Amino acid sequence: MSLLLFSIRNAFRKKAVAALAVLGVAFGCALMTFLFSVTTGMEKRVETTFSNLAGQITITQKGSMFGGLLQGIGSSSIPVSYIDIIKDVPNVNNVTGQVTNILRPAGATMVLPLFGYGVNETRTEIGPFQRIIEGTAPARDDEVAIGKSLLEYLAFLNVTYQIGGVYTFEVPGKEADNLNLKVVGVYRTGNELLDGGFSGTEQLARDIGGLKPGSLSAISAQVGSMEYVEEAAREIEERLSGKKPEVQVVAPRELLLPLNSVLRVLKQFFLAVSSVAVAAGSLTIMVVMLLSVVERRREFGILKALGWTPWDIACMVLVESITLSLLGAGLGVALGYGGLVAVKEYLAIDIGAPGLRVAALVCACGVLVGAAGGLYPAWRANRAAPAEILRG
C-alpha cells in the first residue's frame, strides 16, 4: 500500500478525533461561503446598476428629490421642449423623457416610486415592459408591474403582492382619491433604481401627478462613452441655463459611488469575520493533530524502527491533516450554501450569488488550512526518537 493511501486511511483511524477536526474546519468554511456569497451577490447587483447607468445623464427640475437620482420623483415638471435642446449636444446619442410619481399603499406610511411608460415602449433597452419575468406587462391604465427588488423588500416586511391581485393605493396629497390597481407582472431590469418601484402606463403616472401633456418628470440623455459624460453634462447645463423652470443636471452613476465605497468597507468586514472563522478552524485542526501526534509517539517510534524515515512520517501527518481539512472544506461549502438557500427562502430576498468561484476559493483555503494545521504536528512527529520512545 502506498504512503498516500495509508495516510488517508490512517486519518480516520480515530473517528472522534477526525470528526472534531472536520467540524472545526467546516464551521469556518461554512461561514466563509455564506459571507462571500452575500458580498458577491451585492457586488453583482451594484455593478449591474452601475453599468446600466454608465453614460447616462438625468435632467430634472432644480431641487428634485435625491438630486434627481430617482428620475424626477417628487419634483415639479419640465417641458418636453427641452428634449430638442439636449439632443443636439455633441456625444449625446439618445434623449428620452420620463414620467414618474409616487404611490402609498393604503394604510401604510411608506411611499413607493411609479415609473410611467408607453404601452409599446421601445426607447430603452432596460425598459421594465421588456423585462417581465412573471406575468405580463401593463396594458391598461389601472394595471402595474412590480420590480423584483421591491417585491423582495416588501416580502421581508411581510407585505405581499400577488400577480392578479387588486390593491388599494393612496396618492400623497390626495388621500381622498384612492386608486385600485391590479398587479399583472414582475420585472427585473438589473437597474436597482427601476427594480425598486412599480411601472405602469405613462397615462397612469400623469393622472396620479396631474402632469399635463407636454410636461415630463425628467429627461435622460445617453452619452456614447463614459469619458464624455462630464463634458456633455456641462454643455447641457449651459444650453438650459437661464430657462424657466431651472434644471439640475446629474450623472446618476456618480451619485452611486458612495454606495460602492460602503460596499467595499462591508466586504472588508466580512473578509475579516471569515478570516477569524477560518483561523479558528485552522487552530482546531492544529490542536487536534498535535494531540494526536503526542498520543501516537509510540506508533512513530515503531515506524522509525521499521525503517520509516522522518520525511515519511512528516508526509503522513501532513496528508492526514490535509485530508481532514479538505473534507471539512467540502462539508463547509455544502453547509454554507444550504444556509444561504434557507435564508433566501425565509427572507424572500436574493441576497447571495453562489458560484463555482466561491466554492473553489473556499476549498483552496481549506487545503491551506490543512497544510498550516499539520506543519507543526509533523515537525513534532519528526522529533520522535525511536529508542527513547520504546524505552518509555
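Residues numbered from 1 in each chain as written. Predicted model: local features only at pLDDT ≥ 70, side-chain atom pairs only at ≥ 80, totals over all residues. Heavy atoms only, no water.

**Observations regarding the overall build of the protein chain**
Within the protein chain, the secondary structure is distributed over 13 helices and 12 strands. Here the contacts in the protein chain between residues at least 6 apart in sequence split such that 78% fall between residues at least 24 apart. For the protein chain, the accessible surface area stands at approximately 19,200 Å², while carbon and sulfur atoms represent 60% of it. (Helix = DSSP H or I, 4+ residues; strand = E, 2+ residues; numbered from the N terminus. Contact = heavy atoms within 4.5 Å. Areas by Shrake-Rupley, 256 points an atom, 1.4 Å probe, with all protein chains shown as cover.)

**Topic: the state of the cysteines**
Note on terminology: a disulfide is the covalent bond linking the sulfur atoms of two cysteines. This structure, assessed with the given rule, holds zero disulfides. C363 forms no disulfide, and the closest cysteine sulfur to it belongs to C29, at a distance of 7.4 Å. In this structure C363 comes out as partly exposed when scored by relative accessible area, which is 26%. (Disulfide = S-S within 2.5 Å. Buried < 20%, exposed > 50% of the residue type's maximum accessible area, 1.4 Å probe, protein only.)

**Side note on unusual backbone geometry**
Trans peptide bonds make up the majority, and among non-glycine residues the majority have a negative phi. Cis geometry is found at the peptide bond from K244 to P245, where omega equals 0°. Within the fold, P245 resides in the loop between helix 7 (229–240) and strand 12 (247–250). Even without being a glycine, N91 presents a positive backbone phi close to 75°. Relative to the helices and strands, N91 is located in the loop between helix 3 (82–86) and strand 3 (92–105).

**Focus on the nonpolar core**
Ranked by size, the top nonpolar core spans 41 residues in total, and within it I57, I59, I146, F198, I219 and I236 carry the most contacts. Listed in part, the 11 residues of the second largest apolar core include M32, V333, V358 and V362. (Core = buried A, V, L, I, M, F, W, Y, C linked by side-chain atoms within 4.5 Å.)

**What to know about the pairing of strand 9 (residues 198–201)**
As defined by bridge partners, strand 4 (residues 112–117) adjoins strand 9 across four bridges and the pair is classed as parallel. Paired with G116 across the two strands is G200, which belongs to strand 9. In the sheet, strand 6 (residues 143–147) pairs with strand 9 via three bridges, with the strands oriented antiparallel. Following the sheet pairing, A145 is matched in strand 9 by S199. (Pairing = 2+ DSSP bridges.)

**Description of the pattern of salt bridges**
One pass over the full model with this rule turns up eight salt bridges. The residue E170 makes a salt bridge to R104 at a minimum N-O spacing of 3.7 Å. Remark: R104 occurs in strand 3 and E170 occurs in strand 7 (residues 166–171); sequence separation between them is 66 residues. Accessibility classification places E170 together with R104 in one group, the buried group. The partner of R140 in a salt bridge is D142, and the shortest N-O contact between them spans 3.0 Å. The partly exposed category is assigned to D142, whose relative accessible area is 29%. Overlapping salt bridges bring together R140, D142 and E143 as one network. (Salt bridge = Lys/Arg side-chain N within 4 Å of Asp/Glu carboxyl O.)

**What to know about the packing of aromatic side chains**
Following the criterion strictly, the structure yields five aromatic pairs and no others. An angle of 65° between the planes, with centres 4.6 Å apart, marks the rings of Y161 and Y167 as edge-to-face. Centroid distance Y161 to F198: 5.7 Å. Interplanar angle 80°. Geometry classified as edge-to-face. Within this pair, whereas Y161 is found in the loop between helix 4 (148–156) and strand 7, its partner F198 is found in strand 9, the two being separated by 37 residues in sequence. When sorted by exposure, Y161 lands in the same class as F198, which is buried. (Phe/Tyr/Trp six-rings, centres within 6.5 Å; stacked < 30°, edge-to-face > 60°.)

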